[in-house]
Amino acid sequence: MKWVTVGVVLMLLSALVVPAVAENDDGRYSYITVKDVTIHLVKDRAVITMNYKIDDGIGFLVLLLGKSDLKRKVLDILNFNDAEVQRLDLEHAVVLVNNASDDYGQGSYWFPAHRFAVVVPSLTVITPQDVKYYENVSEFSDGLGYFAKQ
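Since this is a predicted model, take the numbers as computed values, not measurements.

Asks: Got a minute to help me understand a nonpolar patch on the surface in this structure?
Replies: A surface patch of nonpolar side chains, amounting to about 350 Å² of accessible area, comprises Phe60, Leu64 and Leu65. Position of leucine 65 relative to the elements: it lies in helix α2 (residues 58-65).

Here it is as structure tokens:
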């Protein structure tokens, strides 16, 4: 009986460390399935909210063992440099990205092309002037220019 318990615990732990699939059509990365991502551009920063679902049974392990693996996977999925997790729970994360956009001066900015680690079912990009919606994208390929008040 002791070996069965040890085996079950090892199987559950291995689910946390299994290498994530690089890009997947269903928004899945390891034990996380992405629902949607919202990028709110404020000057040269981006505030990113990602909603996701964690596989059944893994949520308990995340609570039991800590959120460090979940945090790492969220950052891997979003794939931004200089990203900092502001809030993280079992259903969504809020990430701040400094220098997400290039500052061209006089309040003009350029958010460059970006590639996610999965296909994002619903992507929303919010600038001070506009809101753009995309479906089933793994790459924000064109970039986006916008103006922000100084």
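Asks: Explain the environment of valine 131 to me, please; I cannot follow it from the model alone.
Replies: Mapping valine 131 onto the fold places it in strand β9 (residues 131-140). Through-space distance from the C-alpha of valine 131 to that of isoleucine 39 is 9.8 Å; in sequence the pair is 92 residues apart. Other than its neighbours up to four places away in sequence, valine 131 contacts Thr124, Val125 and Ile126.

Asks: What is the right way to read the confidence of the model for the chain from this model?
Replies: A low pLDDT means the predicted coordinates there should not be read in detail. For the chain, the mean per-residue pLDDT works out to 87, and 83% of the residues sit at or above 70. Note on residues 16-24: pLDDT under 50 across the span, and 24 contacts to partners over four residues away in sequence or across chains.

Asks: Whenever I open this one, α2 confuses me. Can you help?
Replies: Structurally, the α-helix is built with 3.6 residues per turn, so residues lying three or four positions apart point the same way. The set of residues buried in α2 consists of Ile58, Gly59, Leu61 and Val62. Along the long axis of α2, the arc covered by the buried residues comes to 160°, so they all point the same way. Of the exposed residues in α2, those oriented more than 90 degrees away from the buried face are Phe60, Leu63 and Leu64. Backbone geometry just downstream of α2 places glycine 66 in the positive-phi region, at approximately 110°.

Asks: Explain the nonpolar core to me, please; I cannot follow it from the model alone.
Replies: Generally speaking, a soluble globular protein has its nonpolar side chains buried in company with each other. In this structure, Val37 and Ile39 are the most contacted members of the largest nonpolar core, which totals 39 residues. Examining the composition of this core, we find that 6 residues originate from one element, strand β8 (residues 114-126), more than from any other. Those residues within four positions of valine 37 in sequence are excluded, and the remaining contacts are Ile48, Thr49, Met50, Leu78, Phe116, Val120, Ser122, Leu123 and Thr124.

Asks: Help me out: how do you make sense of helix α3 (residues 68-78) in this one?
Replies: Those residues of α3 that fall on the buried side of the exposure criterion are Asp69, Leu70, Lys73, Val74, Ile77 and Leu78. Along the axis of α3, the buried positions cluster into a sector of 165°, meaning they face one direction only. Asparagine 79 sits one or two residues past α3 and shows a positive phi near 65°.

Asks: Looking at this structure, how should I read unusual backbone geometry?
Replies: Keep in mind that most residues, glycine aside, have a negative phi and that most peptide bonds are trans. For serine 30, which is not glycine, the phi dihedral falls at a positive 55°. With respect to the element layout, serine 30 can be found in the loop between β1 (28-29) and β2 (32-42). Exposure remark for serine 30: the relative accessible area of 14% places this residue in the buried category. You will see that glutamine 106, though not glycine, has its phi angle at about 50°, which is positive. Relative to the elements of secondary structure, glutamine 106 occurs in the loop between β6 (102-105) and β7 (108-111). According to the relative accessible area criterion, glutamine 106 is exposed, its value standing at 82%.

Rules of the game
- Residues numbered from 1 in each chain as written.
- Predicted model: local features only at pLDDT ≥ 70, side-chain atom pairs only at ≥ 80, totals over all residues.
- Heavy atoms only, no water.
- Patch = residues over 30% accessible without salt bridge, like charges linked within 9 Å, V, L, I, M, F, W, Y side chains within 5 Å.
- Areas by Shrake-Rupley, 256 points an atom, 1.4 Å probe, with all protein chains shown as cover.
- Salt bridge = Lys/Arg side-chain N within 4 Å of Asp/Glu carboxyl O.
- Helix = DSSP H or I, 4+ residues; strand = E, 2+ residues; numbered from the N terminus.
- Contact = heavy atoms within 4.5 Å.
- pLDDT = per-residue confidence, 0-100.
- Buried < 20%, exposed > 50% of the residue type's maximum accessible area, 1.4 Å probe, protein only.
- Arc of directions from axis to C-beta.
- Core = buried A, V, L, I, M, F, W, Y, C linked by side-chain atoms within 4.5 Å.

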